[in-house]
Amino acid sequence: MEHFILFAGTANPGLAKAIAQQLNRPLGECVSERFPDGEVAVRLLNSVRQKSVFLIQSTSPPVNDHLVELLAFADACRRSAAARITAIIPYFGYARSDKRHGRREPITASMVAEVLEAVGIDRVVTLDLHAPQIEGFFRIPVDSLTAVPTLCEALRGRLPPDVVVVSPDTGRVQMATQYAQRLDTSVVVLHKQRKSGTETEVTRVVGDMGDRSCLIIDDMISTGGTLARSIEALLNAGARPDVTIAACAKLSHESIRAVFVTDTVATQATDWQQLQVVSITPLIAKAIQRFLSDGSISDLF
Ligand code: R5P
């Protein structure tokens, strides 16, 4: 496996290091700096000539900086004669901009896909894409792996026996069903309306929840508004104030038993007791091994 090299952007160095360790391979050396005016300046310190390059970079906040850094690394690899460039983007920023909600709006996720291709990226690997159709914005292969089995494994034995899986909006029903099948329970769906980028409202709770505990699942937690409104709606509808969350960032609420998130986005050190970070390192490392041996990865979806 001498023919490959891994590089980490600055978004999530801890995850990249863990993946490299699991593959028993040091990370490639590189520099990522900022010019005084904020422009990104990157440099590869190892040769990539005729190598398979894996660039590990979540396009998490600050999204634009991390995205441009990824593009710059990919451009550097292409101009340095890399044989193949795979972008491992555990958190895919702009995924929520996957359609037009009104006139004169962009579809930014599609624009990002075009730019990633334009700089010479040959394959994208990501996790639990916000909407499956985003794959269709690319002409290159996209592998959207899933953290659902990893999170279910972490949740198993730590949930009350009467738990019901809650989808916080209609977009997450398929994912909620996957959790429910694995955890052998049923699904409740909330009807969410987004008023703005920071404000949401739950207008209806669909499904039977009685006096049960809830596991709310989501692909991401940004402001935490969706989860906060979901918890309020569930409690108003009679749920037990014993809520577990499976997704990827931060929120605090007195009814919360635990928040399970993956490390797709780097989490700052915190004394928040309820937060449990579950690593997706083994999943990504396994995918890289399969790519290197031209093996199938279908069992990782
Ligand atoms: C929306 O469709 C997503 O799946 C998430 O529910 C949402 O983006 C979370 O954002 P926030 O935490 O700001 O409500």
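See the structure above.
Procedures and definitions
Residues numbered from 1 in each chain as written. Predicted model: local features only at pLDDT ≥ 70, side-chain atom pairs only at ≥ 80, totals over all residues. Heavy atoms only, no water. Pairing = 2+ DSSP bridges. Helix = DSSP H or I, 4+ residues; strand = E, 2+ residues; numbered from the N terminus. Axes fitted to C-alpha atoms, helices over the stretch in contact; angles between N-to-C directions. Contact = heavy atoms within 4.5 Å. Near = heavy atom within 4 Å. Polar contact = N/O pair within 3.5 Å; in protein donor to acceptor, adjacent residues only side chain to side chain. Areas by Shrake-Rupley, 256 points an atom, 1.4 Å probe, with all protein chains shown as cover. Nonpolar A, V, L, I, M, F, W, Y, C, P; charged D, E, K, R; others polar. Expected span 1.5 Å × (residues − 1). Buried < 20%, exposed > 50% of the residue type's maximum accessible area, 1.4 Å probe, protein only. Parallel < 35°, antiparallel > 145°, perpendicular 65-115°, else oblique. Left-handed = near helix turned anticlockwise from the far one by under 90°.

Asks: I tried to follow the sheet that holds strand β8 (residues 164-167) on my own but got confused; where do I start?
Replies: Sheet strands pair via backbone hydrogen bonds, and the direction of the pair is either parallel or antiparallel. With respect to topology, seven strands assemble into an open sheet ordered β10-β9-β8-β11-β12-β13-β14, the strand pairing being mixed. A single partner strand is all that each edge strand has here, and the edge strands are β10 (200-206) and β14 (275-278). Averaged over neighbouring strand pairs, the angle between their axes works out to 25° when direction is ignored. Each of β11 (214-217), β12 (243-247), β13 (256-262) and β14 touches helix α4 (residues 148-155); the most contacted strand, β13, lies at about 145° to it.

Asks: Honestly, the site of the ligand in this entry has me stumped. Any pointers?
Replies: Around the ligand sit 15 residues in total, of which Arg96, Asp218, Asp219, Thr223 and Thr226 are the nearest. One of the side-chain N or O atoms of Asp219 is found 2.6 Å from an oxygen atom in the ligand. For the ligand, whose accessible area on its own is 380 Å², the fraction buried by protein is 94%. Of all elements in the fold, only β9 (187-194) and α6 (225-236) reach the threshold of two or more residues within the shell around the ligand. Grouping the amino acids of the shell around the ligand by side-chain chemistry returns two nonpolar, six polar and seven charged.

Asks: Teacher, can you tell me more about α6 here?
Replies: Because each turn of an α-helix spans 3.6 residues, side chains separated by three or four positions in sequence point in the same direction. Over its twelve residues, α6 extends 17 Å from the first C-alpha to the last, a length consistent with the 16 Å expected when each residue adds 1.5 Å. Within α6, the full set of buried residues consists of Gly225, Thr226, Leu227, Ala228, Ser230, Ile231, Ala233 and Leu234. Those residues of α6 hidden inside the fold are in contact with β8, β9, β10, β11, β12 and β13. One or two steps after α6, the chain reaches Gly238, where phi turns positive at roughly 105°.

Asks: What am I meant to see in the side chain of Ser52 here?
Replies: For Ser52, the location among the structural elements is in strand β4 (residues 52-56). Judged by its relative accessible area of 15%, Ser52 falls in the buried class.

Asks: What's the story with the sheet that holds strand β5 (residues 84-89) in this structure? I'm lost.
Replies: Pairing in this open sheet of five strands is parallel, and the strands run β1-β4-β5-β6-β7 from one edge to the other. Across the chains shown, the open sheet's two edge strands, defined by having one partner strand only, are β1 (4-8) and β7 (142-145). Going across the sheet, the axis of each strand differs from the next one's by a mean of 15°, ignoring polarity. Looking at chain direction, β1 and β4 are connected through five bridges and run parallel. Each bridged residue has a counterpart across the sheet, and for Phe4 the counterpart in β4 is Ser52.

Asks: I keep staring at the packing of helix α1 (residues 13-22) against helix α7 (residues 281-292) and nothing clicks. Help me out?
Replies: For any two helices packed against each other, the geometry comes down to the angle between their axes and how far apart the axes lie. Packing of α1 against α7 brings their axes to within 9 Å, and their N-to-C directions diverge by 55°. Between α1 and α7, the angle falls in the class oblique. Handedness of the α1/α7 crossing: right-handed. Counted together, Leu15, Ala18, Ile19 and Gln22 of α1 and Thr281, Pro282, Ile284, Ala285 and Ile288 of α7 form the full contact between these two elements. Looking at the contact of α1 with α7 residue by residue, the class counts come to seven nonpolar, two polar and no charged.

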